[in-house]
Amino acid sequence: MSNEPTRVLIAEDEALIRLDLKEMLEEEGYVVVGEVGDGQAAVDQARELRPDLVVLDVQMPVLDGLSAAEQIAASRIAPVIVLTAFSQRELVERARDAGAMAYLVKPFSKADLVPAIEVARARFVEMTALDAEVGDLKERLEARKVVEQAKGKLMADRGISEAEAFRWIQRTAMNERTSMKALAQLVLTDGVGPAETPTA
């Protein structure tokens, strides 16, 4: 990640929550580049400002947060974090299907917000890297699934973090001049991992 501060767009129709969120973000060194109160404005501002992250409330006028998340995620503009007052499983699954990289249940604290942002940004980087490698949508979903499984195996077998597992897959695939999907399949079938393969 670069040393540039992360630029965030906030979409929340309740002014008080929006203000709290802005304060929390700024205290942690993030830069709030835009604040809107409805989903359509969030999509428009995301397209115009190209932020590094979008924080969206689920229940907003004009266009709800999940529909807005879907449009922003489909355009690969920025990772999306969804805020909700409910933690129902169905809503969480809808948020994930809409392309949200993380979600937070209100009320949340700064201690919840920062890790959610880091997870969302890391997942977005992974997805973008995989998308660049694989053109076809069906192939892309398949590649994502295999890489996810390989990451899980590396994390369990080697005791490394999710980010370390992904970086190892990405770097080794480049060094070996193979695709991340092909390398991930080797991890799953032959158990290759950071100790066996020489890394640059």
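About the cut-offs
- Residues numbered from 1 in each chain as written.
- Predicted model: local features only at pLDDT ≥ 70, side-chain atom pairs only at ≥ 80, totals over all residues.
- Heavy atoms only, no water.
- Pairing = 2+ DSSP bridges.
- Helix = DSSP H or I, 4+ residues; strand = E, 2+ residues; numbered from the N terminus.
- Axes fitted to C-alpha atoms, helices over the stretch in contact; angles between N-to-C directions.
- Contact = heavy atoms within 4.5 Å.
- Left-handed = near helix turned anticlockwise from the far one by under 90°.
- Nonpolar A, V, L, I, M, F, W, Y, C, P; charged D, E, K, R; others polar.

Novice: Pulling in residues and values, what's your account of the sheet that holds strand β5 (residues 102-105)?
Specialist: Taken in spatial order, the 5 strands of this open sheet run β2-β1-β3-β4-β5, and their pairing is parallel. A strand with exactly one partner marks an edge of an open sheet, and here the two such strands are β2 (31-36) and β5. On average, adjacent strands in this sheet sit at an angle of 20° to one another, irrespective of strand direction. Pairing between strand β3 (residues 53-57) and strand β4 (residues 80-84): 4 bridges, direction parallel. In the sheet register, V55 faces β4, and the bridge partner there is I81. Relative to β2, helix α1 (residues 15-27) is tilted by about 170°, and along the sheet it contacts β1 (7-11), β2, β3 and β4. Along the sheet, helix α2 (residues 39-49) contacts β1, β2 and β3; its crossing angle with β1, the most-contacted strand, is approximately 165°.

Novice: Outline the packing of helix α7 (residues 162-175) against helix α8 (residues 180-190), supporting the account with residue identities and numerical values.
Specialist: It is the contact of α7 with α8, at a shortest axis distance of 9 Å, that shows an interaxial angle of 115°. Between α7 and α8 lies a crossing of right-handed hand. The residues of α8 that touch α7, namely those facing F166, W168, I169, Q170, T172 and A173, are M180, L183 and V187. Looking at side-chain class alone, the contact of α7 with α8 contains 7 nonpolar, 2 polar and no charged residues.

That is the geometry; function is a separate question.
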